[in-house]
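# Observations on the model geometry
So you can see what is in the structure, the chains are spelled out below.
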There are 2 protein chains.
Amino acid sequence: MGTTAKALSLLNYFTRSRPLVGLSDMARLSGLNKATVYRLMGELAEAGFVEQVGTGREYRLGPAVMRLAALREHAVPMRDVAAEVLRDLSDATQETAHFSLMQGRTLSTVTYAYSPVHGTRVTMEDADVLMLHATSSGLAVLAYSAPDLVGAVLEGPLEARTDQTITDPAHIRRMLDEIRRDGVAESVSGFENDVHSHAAPIFDAESRAMGAIAVAAPTARMDAALAARIRVAVKAQALRLTRMLGGLPPPDYPRNTPDTVAGHAPAPA
Amino acid sequence: MGTTAKALSLLNYFTRSRPLVGLSDMARLSGLNKATVYRLMGELAEAGFVEQVGTGREYRLGPAVMRLAALREHAVPMRDVAAEVLRDLSDATQETAHFSLMQGRTLSTVTYAYSPVHGTRVTMEDADVLMLHATSSGLAVLAYSAPDLVGAVLEGPLEARTDQTITDPAHIRRMLDEIRRDGVAESVSGFENDVHSHAAPIFDAESRAMGAIAVAAPTARMDAALAARIRVAVKAQALRLTRMLGGLPPPDYPRNTPDTVAGHAPAPA
DNA sequence: ACCATAGGTTCATATAATGAACCAGAAACA
DNA sequence: TGTTTCTGGTTCATTATATGAACCTATGGT
């Protein structure tokens, strides 16, 4: 591991629950020598990536990251990133792919992509609002949401959009357990008749589910083979999108595709 | 300069107008050997600070900065605090207010607020870099900076952004004296034509000028009455923001609004 | 007074960074 | 079409840089 990689890896020891890290702590966490950490942190501090503060001269993340983040957001807006991922996802599955973000307590569609292969397809509208209990995207988010949000949703009136919408809170809780095991949510005609969809959550930098991407197909076309392909693809692309947006899946999120990060001359996903 | 510092300095060649940088360009810009840049960029890429994209395999800022920025923001909600102050400042003056922070030897904009009152207004961009000698914010910071920084800035080439930019070091030094007397800096079309701005420094816990807030108005609208209102407001809000961020103005900072509250609860430092 | 911990510093050693030269491929140009 | 001149990427002997055990000083706890 190069010196620079070591220095940058130190930044990963700052978390939401541990915003301040002292020199000795950092040495312990990283397994590096204290003197090494001291010098690396010094260089990071000079560049504004960390700063020292407080009585114990502890370190925290510095202002430079804010500036870079502003530039990154300008260079790579979230919608464009998502659009690229959805393009690949709909190409891979030959079905409609869409991306939705939590806004308050509702999930609203940001962008989507159609596959030109089939004459029939599930169609979407911008800013569609998805019900949390009745869509695969909603369930994917719920499965990784704080218990109080889940409770609030399941206690509230659960509207049945179709005669196949699942409205039994106990049943939904069992589904959430299943989703946490697989990493993929599923909904069969729960929101619109004759639509079968699979979704996987998108996580933010604090590993909170901030949204989901989903693949929606006509039930008539769904079979075991297609479902299997979709499940793999939607999960892989969700992880990719999470990474591209600077998010981090929670440690317990199931990964069946260990994305071995090769050097920087890399395989296009 | 350490290897890590070199690697991190490469990130500064990404700007709003140059979001993509190729390997050779980066080597030219930084003055480093191409092979060196190649390896450093490789390490940065592995850590997610940059990523390669496009036909020319050019680099751009990576998702990692978004993640770190979210953590920084969580640890130091400076942006939120500043946003509130700027809101009040722009309401009080009915003009554009902005907040910039020193990063190394440059001043970069963190956040800003517009007033909805007038149809015309000065507009800002996130991560705008302000020249120290040619903006009111820069002058406000310089006036309270260490002599060696002032010397370094005034010795260096002083770019004239407009035909009204003041580039005479002696003249600037006289202005700095004036700023120290008033506590407020002023710039008339020094950075952008037809923009008249007033600024006051923000101090950190060690009473060093870490940034500034400013009010920028179209020159057409500026008159004695507006200028007087702005000077009072920007200074008061700068003191308030300094306090909210845990900073402390130096003892010689002029205060014309003595907020000596004769209560029995002592002012929080 | 004592021990354990902290941040910070030193210097001989070893490891990692460096850069000139070199590929191979893609445009630009004639 | 061949030639030039870019590009990103690679090699390897040389050199400079990073490293870590030990040390220093201060502080908080017992």
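Structural notes, computed from the coordinates. All residue numbers refer to positions counted from 1 along the written sequence of the respective chain. To read the labels, note that chains go from A and ligands from 1, taken in the order they are written. Reporting of local features is limited, given that this is a predicted model, to residues whose pLDDT is at least 70; pairs of side-chain atoms are given and counted only at 80 or more, and all residues count toward the totals for whole chains, interfaces and linings. By convention in this description, side-chain values take in all heavy atoms of the structure and omit both hydrogens and water.

All names here are of chain B. Strand order in the open sheet formed by six strands is β5-β4-β3-β8-β7-β6, with antiparallel pairing between adjacent strands. Only two strands of the sheet have a single partner each, and these edge strands are β5 (129-130) and β6 (185-188). Pairing geometry for strand β4 (residues 106-113) and β5, over two bridges, is antiparallel. Note that in β5 the partner of L107 across the bridge is L130. Any two strands with at least two DSSP bridges between them are considered paired. A run of H or I in DSSP becomes a helix once it reaches four residues, and a run of E becomes a strand once it reaches two; helices and strands are each numbered from the N terminus.

Here we come to the interface of chain A and chain B. The interface is formed by 46 residues belonging to chain A together with 46 residues belonging to chain B. Values labelled buried area give the accessible surface lost by two parts on being combined, using a 1.4 Å probe and summing over both. Taking both sides of the interface into account, the surface hidden between chain A and chain B amounts to around 4,100 Å²; carbon and sulfur atoms contribute 66%. Those elements that provide at least two residues to the side of chain A that touches chain B are α1 (3-10), α3 (34-46), β2 (58-61), α4 (64-75) and α9 (224-244) of chain A. When residues in the side of chain A that touches chain B are grouped by element, the largest group, twelve residues, is from α4(A). Tallied by class, the residues present in the side of chain A that touches chain B amount to 27 nonpolar, ten polar and nine charged. Two residues form a contact once any of their heavy atoms are found within 4.5 Å. Here the term charged refers only to Asp, Glu, Lys and Arg, the term nonpolar to Ala, Val, Leu, Ile, Met, Phe, Trp, Tyr, Cys and Pro, and the term polar to all other amino acids, Gly among them.

Residues and elements named next belong to chain B. With respect to the element layout, T135 can be found in the loop between β5 and α6 (136-143). One polar contact links the side chain of T135 to the main-chain amide nitrogen of G138, over a distance of 2.9 Å. Once you skip the residues sitting within four places of it in the chain, T135 turns out to touch L130, S187 and F191. For the purposes of these results, a polar contact is taken to be a pair of N or O atoms within 3.5 Å, where, inside protein, one atom must be able to donate a hydrogen and its partner to accept one; residues adjacent in sequence count only when each atom of the pair is a side-chain atom.

A few words on the packing of aromatic side chains. Centre distance within 6.5 Å is the pairing criterion for rings of Phe, Tyr and Trp, where only the six-membered ring of Trp is used; planes under 30 degrees apart are then read as stacked, over 60 as edge-to-face, and the remainder as tilted. By the definition in use, this model includes nine aromatic pairs over all chains. Plain terms: the ring middles of Y112(A) and Y114(A) are 5.3 Å apart, the flat faces sit at 45 degrees to each other, and that makes the pair tilted. Centroid distance F203(B) to Y253(B): 5.4 Å. Interplanar angle 75 degrees. Geometry classified as edge-to-face. Remark: Y253(B) occurs in the segment after α9 (224-244) and F203(B) occurs in strand β7 (residues 195-203); sequence separation between them is 50 residues. Every member of this aromatic cluster is reached through a ring pair, and the members are Y144(A), F203(A) and Y253(A). By the criterion adopted, a ring carries a charge over it if an Arg CZ or a Lys NZ lies within 6 Å of its centre and within 35 degrees of its normal. Positioned above the aromatic ring of F191(A) is the side chain of R161(A), whose terminal nitrogen or guanidinium carbon lies 4.2 Å from the ring centre.

As a further point, take the protein's contact with DNA strand C. Neighbouring residues of DNA strand C: 20 residues in total, closest S24(A), K34(A), Y38(A), K6(B) and N33(B). By atom count, sugar and phosphate contribute 66% of the portion of DNA strand C lying within 4 Å of the protein. For DNA strand C, a phosphate oxygen lies 2.3 Å from a polar atom in the side chain of S24(A). The side chain of R28(A) places a nitrogen or oxygen atom 2.7 Å from a phosphate oxygen of DNA strand C. Mapped by element, the contributors of at least two residues to the surface near DNA strand C are α2 (23-30) and α3 of chain A together with α1 (3-10) and α3 (34-46) of chain B. At four residues, the largest contribution of residues to the surface near DNA strand C is made by α3(B). Of the residues contributing to the surface near DNA strand C, the split by class is five nonpolar, nine polar and six charged. Nearness here has a simple test: a residue counts as near a molecule or strand if at least one of its heavy atoms is within 4 Å of that partner.

We now examine the pairing of strand β8 (residues 209-218) of chain A. All names here are of chain A. The buried label goes to any residue with under 20% of its type's maximum accessible area, the exposed label to any with over 50%, and the partly exposed label to all in between, with areas taken from a 1.4 Å probe on protein chains only. Among the ten residues of β8, ten are classified as buried, and the element is accordingly described as predominantly covered. Judged from the nine bridges that link them, strand β7 (residues 195-203) and β8 form a sheet pairing that is antiparallel. By the bridge assignment for β8, S197 is matched with A216. Taken together, β7 and the strand that follows it, β8, pair antiparallel across an intervening segment of five residues, in which S207 is found at a positive phi of about 65 degrees.

One turn of the α-helix equals 3.6 residues, which is why residues spaced by three or four share an orientation. Residue and element names in this part refer to chain B. The set of residues buried in helix α2 (residues 23-30) consists of M26, A27 and S30. Viewed along the axis of α2, the buried residues span an arc of 100 degrees, placing them on a single side of the element. Summarising the contacts, the buried residues of α2 are in contact with α1 and α3. One or two steps after α2, the chain reaches G31, where phi turns positive at roughly 75 degrees. Arc definition: directions from the helix axis to the C-beta atoms.

Between the N-to-C directions of two axes lies an angle of 0 to 180 degrees, each axis being a line fitted to C-alpha atoms and, for a helix, fitted only over the stretch in contact. At a closest axis distance of 8 Å, the pairing of α1(A) and α1(B) adopts a crossing angle of 70 degrees. When the interaxial angle is binned, α1(A) and α1(B) end up roughly perpendicular. Residues T3(A), T4(A), A7(A) and L8(A) of α1(A) lie in contact with α1(B), whose contacting residues are T3(B), T4(B), A7(B) and L8(B). Per-class residue counts for the contact of α1(A) with α1(B) are four nonpolar, four polar and no charged. In this scheme, roughly parallel covers angles under 35 degrees and roughly antiparallel covers those over 145, while 65 to 115 is roughly perpendicular and the rest are oblique.

On to the protein's contact with DNA strand D. Close contacts around DNA strand D come from 20 residues, with K6(A), N33(A), S24(B), K34(B) and Y38(B) the closest. Counting only the atoms of DNA strand D that lie within 4 Å of the protein, the sugar and phosphate share comes to 66%. Here T3(B) contributes a backbone N or O atom positioned 2.7 Å from a phosphate oxygen of DNA strand D. Interatomic distance of 2.8 Å between a side-chain N/O atom of R28(B) and a phosphate oxygen of DNA strand D.

What follows concerns the sheet that holds strand β4 (residues 106-113) of chain A. Residue and element names in this part refer to chain A. On the basis of which strands lie adjacent, the open sheet formed by six strands has the order β5-β4-β3-β8-β7-β6 and antiparallel pairing. Edge positions in the sheet fall to β5 (129-130) and β6 (185-188), since each of these pairs with one other strand and no more. Each of β3 (96-103), β4 and β8 is contacted by helix α5 (residues 78-93), which is oriented at about 65 degrees to β4, the strand it contacts most.

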